[in-house]
Every structure is written in structure tokens, then in C-alpha cells.
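Structural features, examined
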Amino acid sequence: RGAPSWHIHPDAETLARHLARAIARMADAAIAARGAFHLVLAGGNTPQPVYAALVSRGRRWDAWHLYHGDERCLPPQTLQRNSQMAASVWLQQVPIPRAQIHDIPAEMGAEAAAAAYAAVLPPQRFDLVLLGIGEDGHTASLFPGQPWGLDPATPAVLSVHNAPKAPAERVSLSAWRLQRSRELFFLATGSGKRDALAAWRRGEDLPAARVGAGATVWLDEAAWPGS
Ligand code: 6PG
């Protein structure tokens, strides 16, 4: 995988509209070619307008299979859970079969949830992985100074116990399992992401940069650190 490609949009709203269109097109192509679309969702706030824009764009919802790149270990139904966010903004409004929306378990500790989740991942590559980036260059729940799971011999799903971004307890797909995808899209909007993207472009060894080798970065002008 080579260097990432950077797609800059004037603002977050335009980015969300174009990205939702791109995701819907990729879904149609995957479904036409292989009968299913396996998509990994990003958590946090950035993807929310993209998910909202998808509500009016999807077509063959019956062939969509959704996973989460990471999850915050909080009680079920807590709004701050990434699965709860995706449900309230998007999934409760589209007819994707419930059995095809694979949430990371909430009612057990991180270790048990990580082991249980590894069992529901598809054997083949994902079609598309969506990821955010934190101000420290983290992605999913892979943080600087902690294990990222780059080696395919390590577990596909990691339990995280002292994440610097609350909550401390999380579950995350590993770097190698996130990379095992036909496409990876990073989403970054707002000036708060500029420093992390600048560090990535400078070649700093960050989780986002490692996972993002060969990825496409979707960003707005506010997040663009300049050439
Ligand atoms: C999480 C996310 C995390 C997120 C980044 C960016 O659980 O917090 O998985 O990796 O994508 O921290 O978050 P924002 O999009 O809210 O800035």
C-alpha cells in the first residue's frame, strides 16, 4: 500500500454529501459483484452527517452488512456508544436486516467483547472501512504508545484498557484487520484535525498513518494542513 490520497472539500456538509454518494456507489458495485457490501463504521462525531446523508441514498439495504471499527465500553443504550450513535442517526431509518448490523457487545468486559466480536467478522476482506482520526493521531481505539495489532498473527480485535480518550475501556479492530479491506476512507473535518494530519504528512509513526497506508483521506479545507 502506497501513500494516502487527500480529497479536500470546501466544507463538512459538501464532504458529507459527496462521501455518502461514493459509499452508495461502492455498495452497489460490491452487491452487483459479490452479492453483499461489508462496511466498517467509524465512531465519534465526524461521520454523523455522512450517515444522515446515507439515509436517502442506499438502495439494496438487504445486502448491507455493518461492523464497527471500535466501541466504547459503556452500558447498553448509552448515547455515547458508537453503535448507539449510528443507530440513532441512520440505522433506525433504513431497512438493513438487524442480523446484519454487528454491534460490539456492551454487557461484558472488553476482553470477552473482543473475543466474541472476532467471531462475527467476515472471513473475507471488508469492502470499505470508515475511520476517524483523533488530535493525537489515533484511529478507532488504537492510540499512540499502545498496541496497534499490526501483525496478522495477533488477534483481529483488541481490548483497550487505558485509552487517553474517555472512556478508558474500549474494544477495537486491530490495525491489520482494519487494513484487510478493499478500500479505507478516513474522515477529518475542522481545524482541530489539522495538526494530526500535518504530523501524518510529515511521516510521524501514528496509528492513523499506519492503518491509513494507501487510504483515501476525506477532509474539509479547515482540516487541511497545507501542502
Ligand atoms: C471513538 C472513535 C475515535 C474517533 C476519533 C475522532 O470512539 O472516539 O472511534 O477513533 O473516530 O476520536 O472523533 P471525532 O470524529 O468525534 O472527532
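Refer to the structure presented above.
In this text, all values refer to a predicted model and were calculated from it rather than measured experimentally. (Residues numbered from 1 in each chain as written. Predicted model: local features only at pLDDT ≥ 70, side-chain atom pairs only at ≥ 80, totals over all residues. Heavy atoms only, no water.)

So, the sheet that holds strand S1 (residues 5–9)
- Across the sheet, six strands lie side by side as S1-S9-S8-S5-S2-S3; this open sheet has parallel pairing. Lying at the two open borders of the sheet, with one neighbouring strand each, are S1 and strand S3 (64–68). Between one strand axis and the next, the sheet turns by 20 degrees as a mean value, whatever way the strands run.
- In this sheet, strand S8 (residues 181–188) lies alongside strand S5 (residues 126–132) in parallel orientation, the contact comprising six bridges. Each residue of the ladder has a partner; that of Leu130, found in S8, is Phe185.
- Along the sheet, helix H1 (residues 12–34) makes contact with S1, strand S2 (37–41), S3, S5, S8 and strand S9 (216–220), crossing S9 at roughly 155 degrees. (Pairing = 2+ DSSP bridges. Helix = DSSP H or I, 4+ residues; strand = E, 2+ residues; numbered from the N terminus. Axes fitted to C-alpha atoms, helices over the stretch in contact; angles between N-to-C directions. Contact = heavy atoms within 4.5 Å.)

Here we look at the pairing of S3
- The buried count for S3 comes to five of five residues, which makes it a mostly enclosed element.
- Of the two faces of S3, the one lined by Trp64, Leu66 and His68 and the one lined by His65 and Tyr67 are each fully buried.
- Relative to S3, S2 is paired through five bridges, and the arrangement is parallel. Note that in S3 the partner of Val40 across the bridge is Tyr67.
- For the handedness criterion, the β-α-β arrangement of S2, helix H2 (residues 48–54) and S3 is classed as right-handed. (Buried < 20%, exposed > 50% of the residue type's maximum accessible area, 1.4 Å probe, protein only. Right-handed = clockwise from strand over helix to strand, strands pointing away.)

A closer look at the packing of aromatic side chains
- Scanning the entire structure with this criterion turns up 10 aromatic pairs.
- Among the aromatic residues, those joined into a ring-pair cluster are Phe37, Tyr51, Trp61, Trp64 and Trp90.
- The aromatic ring of Trp6 is capped on one face by Arg201, whose charged end is 5.1 Å from the ring centroid. (Phe/Tyr/Trp six-rings, centres within 6.5 Å; stacked < 30°, edge-to-face > 60°. Lys NZ or Arg CZ within 6 Å of the ring centre and 35° of its normal.)

Quick word on the pairing of S2
- Most of S2 is tucked away, with five of its five residues classed as buried.
- The side-chain alternation of S2 yields two buried faces, one formed by Phe37, Leu39 and Leu41 and the other by His38 and Val40.

Some thoughts on the site of the ligand
- Residues in close proximity to the ligand total 15 residues, the closest being Thr46, His138, Ala140, Lys165 and Lys193.
- The contact in question runs from an oxygen atom of the ligand to an N or O atom on the side chain of Thr46, over 2.6 Å.
- In isolation the ligand exposes 410 Å². Once the protein is present, 92% of that is buried.
- The class makeup of the residues in the shell around the ligand is two nonpolar, eight polar and five charged. (Near = heavy atom within 4 Å. Polar contact = N/O pair within 3.5 Å; in protein donor to acceptor, adjacent residues only side chain to side chain. Areas by Shrake-Rupley, 256 points an atom, 1.4 Å probe, with all protein chains shown as cover. Nonpolar A, V, L, I, M, F, W, Y, C, P; charged D, E, K, R; others polar.)

Remarks on helix H3 (residues 82–89)
- Within H3, seven of the eight residues are buried, which leaves the element mostly enclosed by the surrounding structure.
- Residues of H3 that are buried make contact with S2, H2, S3 and strand S4 (70–72).

Some thoughts on the pattern of salt bridges
- Scanning the entire structure with this criterion turns up 10 salt bridges.
- With its nearest N and O atoms 2.8 Å apart, the salt bridge here joins Arg210 to Asp205.
- The class for Asp205 is partly exposed, based on a relative accessible area of 49%.
- Linked through salt bridges whose partners overlap, the residues forming this network are Arg34, Asp127 and Arg182. (Salt bridge = Lys/Arg side-chain N within 4 Å of Asp/Glu carboxyl O.)

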